[in-house]
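Structural characterization, general
If you want the building blocks of each chain, they are given just below.
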There are 2 protein chains.
Amino acid sequence: MPKQTFFNLPDDKRQTLILAAEKEFSRVPLFEASISNIVKTAGIPRGSFYQYFEDKEDAYLFLLNQQAKARQGNFIALLSKNDGNLFDAITEMYRLILLEIPTQENLEFLKNAFLNMTHKIENIFTKIFSVNESSEKLREISSMINKENLNISDEDDLTHVIQIIMSVTFHNLVEKFAKELTYEQAMSNFKIEMNLLKNGLCKQGI
Amino acid sequence: MPKQTFFNLPDDKRQTLILAAEKEFSRVPLFEASISNIVKTAGIPRGSFYQYFEDKEDAYLFLLNQQAKARQGNFIALLSKNDGNLFDAITEMYRLILLEIPTQENLEFLKNAFLNMTHKIENIFTKIFSVNESSEKLREISSMINKENLNISDEDDLTHVIQIIMSVTFHNLVEKFAKELTYEQAMSNFKIEMNLLKNGLCKQGI
DNA sequence: CTCTGAAGTGACATGATGTCATTTCCCTAT
DNA sequence: ATAGGGAAATGACATCATGTCACTTCAGAG
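Criteria and thresholds
Residues numbered from 1 in each chain as written. Chains lettered and ligands numbered in written order. Predicted model: local features only at pLDDT ≥ 70, side-chain atom pairs only at ≥ 80, totals over all residues. Heavy atoms only, no water. Phe/Tyr/Trp six-rings, centres within 6.5 Å; stacked < 30°, edge-to-face > 60°. Helix = DSSP H or I, 4+ residues; strand = E, 2+ residues; numbered from the N terminus. Buried < 20%, exposed > 50% of the residue type's maximum accessible area, 1.4 Å probe, protein only. Near = heavy atom within 4 Å. Polar contact = N/O pair within 3.5 Å; in protein donor to acceptor, adjacent residues only side chain to side chain. Nonpolar A, V, L, I, M, F, W, Y, C, P; charged D, E, K, R; others polar. Contact = heavy atoms within 4.5 Å. pLDDT = per-residue confidence, 0-100.

Chain A goes by TetR family transcriptional regulator in an unreviewed UniProt entry, where it is assigned to Virgibacillus profundi.

Listed below in structure tokens is the structure:
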């Protein structure tokens with residue numbers, strides 16, 4: 001959280017600072033962004049930055065939260081518009097994000113927010129499991145998968161199935177470590193989600 | 001990729017360096033790790049490090065790839081053992097990772113690999129959508145979701161359903177930006193995966 | 001008009017990165 | 001055995017970023 005000083009700032013000065021930060025975080029991923037650049041762009045002394053924010057990430061998180069708030073009402077509105085249908089609402093949300101981010105230069109940092117996590121590491125998870133599309137291994141693995149029971153119509157679907165399972169597995173790992181879950185909790189969550197995946201998130205015939 | 005020089009190194013020296021790097025990356029997340037610490041621990045001059053690696057990330061990726069290779073055979077073996085059943089294999093893989101990481105101190109960096117991505121940012125995606133468990137908003141959103149058609153037995157399942165959808169959505173966003181997919185490609189992939197989620201990844205009755 | 005606490009300021013100590021001129025090592029050819 | 005040459009090793013250095021702090025300025029209350 002930015003310090004109170006930041007919120008006490010006159011609107012225009014605060015806005016200048018926000019724009020400068022957005023610009024810097026849009027230029028490069030978080031870890032490369034430099035406070036020096038932000039203060040230079042904003043035309044404020046270095047010390048002032050630390051008067052307002054704890055550090056670089058503090059500013060970054062503030063920007064993300066700003067965006068979050070902007071989208072909060074958005075998603076709720078979408079749910080409402082789609083009669084509570086989670087899939088329709090999230091699909092529309094996804095569409096809006098895809099459409100919005102490329103058009104606003106200062107939102108580039110949101111795109112970086114997603115890429116940051118992978119950065120040059122590309123997809124760590126993919127690396128750890130050695131499953132990436134250009135790899136021989138993926139083909140080997142794909143060929144070994146028993147497709148009889150999978151609900152897929154072609155090879156392309158299989159790739160998507162793998163992607164889905166990997167996303168969910170990855171998410172579970174992050175949760176496990178971030179929340180310091182016990183082994184039992186982590187396994188239990190994982191199994192629940194795998195079962196949901198197998199059986200489908202919607203009742204049949206819908 | 002590390003430079004050839006690194007692979008030309010005598011085994012013991014290379015191993016010392018690997019251990020030093022693992023130690024440093026296990027100590028702190030990637031962006032805080034310092035090359036100075038690695039060379040100090042390994043007892044090699046600073047310049048040598050750059051003789052072997054491009055930079056910090058190069059070393060980091062090398063370590064991850066090493067782990068990847070160690071697990072590659074692993075996963076294939078698991079698939080084979082489980083008659084190609086993807087769910088069983090991945091569940092066993094997951095279990096093994098959970099069991100293995102906490103016991104080996106020098107594998108702590110793998111744990112960091114997952115946490116890195118989220119770092120202090122926790123779950124950026126969660127922030128952007130303002131859906132986190134402690135938030136009022138999640139309750140509000142949950143209450144608005146039409147649960148009639150969802151294949152869930154209780155409120156707890158609903159949380160898992162949301163987690164799954166978020167993981168997959170997040171993954172799609174990362175893919176979109178990392179691979180610079182067009183809007184159409186990104187939407188198409190997303191819809192395919194959402195449909196798979198709705199209908200289930202396995203044929204009924206399995 | 002003065003006093004006081006909050007905010008602003010920028011020089012500075014510290015420490016990290018990547019480079020490069022120089023030295024050392026080791027293999028090969030004579 | 002030794003001279004030559006290319007690869008590898010070395011560590012001092014230029015550069016740059018961070019966070020701090022002593023000092024200054026400001027603005028509002030009395």
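Before going further, it helps to spend a moment on the packing of aromatic side chains. Under the defined criterion, the tally for this structure stands at 16 aromatic pairs over all chains. Note on phenylalanine 6 of chain B and phenylalanine 53 of chain B: the rings are 4.8 Å apart at their centroids and 45° apart in plane angle, and the pair reads as tilted. Of this pair, phenylalanine 6 of chain B sits in helix H1 (residues 4-8) while phenylalanine 53 of chain B is found in the loop between helix H4 (46-52) and helix H5 (56-81), placing the two residues 47 residues apart along the sequence. For the pair phenylalanine 6 of chain B and phenylalanine 53 of chain B, a shared accessibility class is recorded, and that class is buried. With a centroid separation of 5.1 Å and 80° between ring planes, the pair formed by phenylalanine 6 of chain B and phenylalanine 62 of chain B is classed as edge-to-face. Here phenylalanine 6 of chain B, found in helix H1, pairs with phenylalanine 62 of chain B, found in helix H5; they are 56 residues apart in sequence, far enough to count as distant. The residues phenylalanine 6 of chain B and phenylalanine 62 of chain B share a single accessibility class, namely buried. An aromatic cluster is present here, built from Phe6, Phe7, Phe49, Tyr50, Tyr52, Phe53 and Phe62 of chain A joined pairwise through their rings.

Here the focus is the protein's contact with DNA strand D. Lining the immediate environment of DNA strand D, one finds 15 residues, of which Arg46 and Tyr50 of chain A together with Asn8, Pro45 and Gln51 of chain B sit closest. Each atom of DNA strand D within 4 Å of the protein belongs either to a base or to sugar and phosphate, the latter forming 57%. One of the side-chain nitrogen or oxygen atoms of tyrosine 52 of chain B is found 3.0 Å away from a phosphate oxygen of DNA strand D. Of all the secondary structure elements, the ones that give two or more residues to the surface near DNA strand D are helix H3 (35-42) and helix H4 (46-52) of chain A together with H1 and H4 of chain B. The element that contributes the greatest number of residues to the surface near DNA strand D is H4 of chain B, accounting for four residues. In terms of residue class, the surface near DNA strand D is built from six nonpolar, seven polar and two charged.

A few words now on the environment of leucine 78 of chain A. All names here are of chain A. Topologically, leucine 78 is positioned in helix H5 (residues 56-81). Classification of leucine 78 as buried rests on a relative accessible area of 6%. For leucine 78 and glutamate 54, which are 24 residues apart along the polypeptide, the C-alpha to C-alpha distance reads 35 Å. With sequence-adjacent residues up to four places away left out, leucine 78 is seen in contact with Ala89, Glu92, Met93 and Leu96.

Moving on to the confidence of the model for chain A. All names here are of chain A. Looking at chain A as a whole, the pLDDT averages 78, with 80% of positions reaching at least 70. The element-level mean pLDDT for chain A is lowest in helix H8 (residues 124-129), coming to 50, with H4 highest at 96. When the criterion is pLDDT under 50, residues 118-124 qualifies, and its contacts beyond four places in sequence or with other chains add up to 17 contacts. In this model, residues 128-134 is a region of pLDDT below 50 whose contacts with residues beyond four sequence positions or in other chains number 25 contacts.

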